[in-house]
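Examination of the molecular architecture
Residue strings, one per chain:
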Amino acid sequence: MAIQVGDLVRGQSNEIMSATYIGKVIEKCEETVHILILNYAPTNRFTVHELMQRILVNSQQLRAISLTK
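Presented here is a report on the structure given in the accompanying data block. (Residues numbered from 1 in each chain as written. Predicted model: local features only at pLDDT ≥ 70, side-chain atom pairs only at ≥ 80, totals over all residues. Heavy atoms only, no water.)

**As for the pairing of strand β2 (residues 21-28)**
Looking down a regular strand, the side chains alternate between one sheet face and the other. What counts is decided by this rule: Strands are labelled as partners when DSSP assigns at least two bridges between them. Going along the chain from the N terminus, every DSSP run of H or I of four or more residues is numbered as a helix, and every run of E of two or more is numbered as a strand.
Pairing geometry for strand β1 (residues 8-11) and β2, over four bridges, is antiparallel. Of the residues in β2, the one forming a bridge with R10 is I22. Here β2 runs beside strand β3 (residues 32-40); their pairing, made up of seven bridges, is antiparallel. If you follow V25 over to β3, its bridge partner there is I35.

As structure tokens, this is what we get:
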């Protein structure tokens, strides 16, 4: 399933974020995705604030999530 604009995604920890996070896809380019961070670990609160709740990551670091089962 390909990630599309508007999808909710779970991001893996990386060089910037020390724990997983949940966000909404704002924009998608070739290999990168611009994410609005919605939920994150308390240890990342200062990082998220500095990023203004937005992060640009490789699409392979994301998994689409669903709110329904």
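**Topic: the nonpolar core**
Formally: As used here, the term nonpolar core means buried Ala, Val, Leu, Ile, Met, Phe, Trp, Tyr and Cys residues forming a set that is joined through side-chain atoms within 4.5 Å. Only protein chains enter the accessibility calculation, which uses a 1.4 Å probe; a residue whose area is less than 20% of its type maximum is buried, one above 50% is exposed, and one in between is partly exposed. Should any heavy atoms of two residues lie within 4.5 Å, those residues are counted as being in contact.
Counting 12 residues, the largest nonpolar core consists of I3, V9, M17, Y21, V25, V33, I35, I37, V48, I55, V57 and L62. For this core, the elements supplying multiple residues, two or more each, are β2, β3 and β4 (54-58). For this core, the element with the most residues is β3, which contributes three residues. V25 has contacts with I3, Q4, V5, G6, D7, V9, V33, H34 and I35, leaving out every residue within four places of it along the chain.

**A few points about the environment of N14**
What counts here: Polar contact criterion, stated in full: a pair of N or O atoms within 3.5 Å, where within protein one must be able to donate a hydrogen and the other to accept it, and residues adjacent in sequence count only if both atoms are side-chain atoms.
Relative to the helices and strands, N14 is located in the loop between β1 and β2. Classification of N14 by relative accessible area gives buried; the value is 17%. C-alpha of N14 to C-alpha of R54: the two residues are 40 residues apart in sequence and 14 Å apart in space. Residues in contact with N14, not counting those within four places in the same chain, are Y21, I55, V57 and Q61. At 2.9 Å, the side chain of N14 forms a polar contact with the backbone nitrogen of I16. In terms of polar contacts, N14 uses its side chain to reach the backbone amide nitrogen of M17, at 2.8 Å.

**Quick word on the side chain of N44**
With respect to the secondary-structure elements, N44 resides in the loop between β3 and α1 (45-50). Look past the residues within four positions of N44 in its chain and what remains in contact with it is M17, S18 and A19.

**Details of the sheet that holds β4**
Inclusion rule: Only the stretch in contact is used when fitting a helix axis, every axis being a line fitted to C-alpha atoms; angles between N-to-C directions are given from 0 to 180 degrees.
Strand order in the open sheet formed by five strands is β4-β3-β2-β1-β5, with antiparallel pairing between adjacent strands. Looking at which strands have only one partner, the edges of the open sheet turn out to be β4 and β5 (62-64). Strand-to-strand, the axes of this sheet are offset by a mean angle of 45 degrees, without reference to chain direction.

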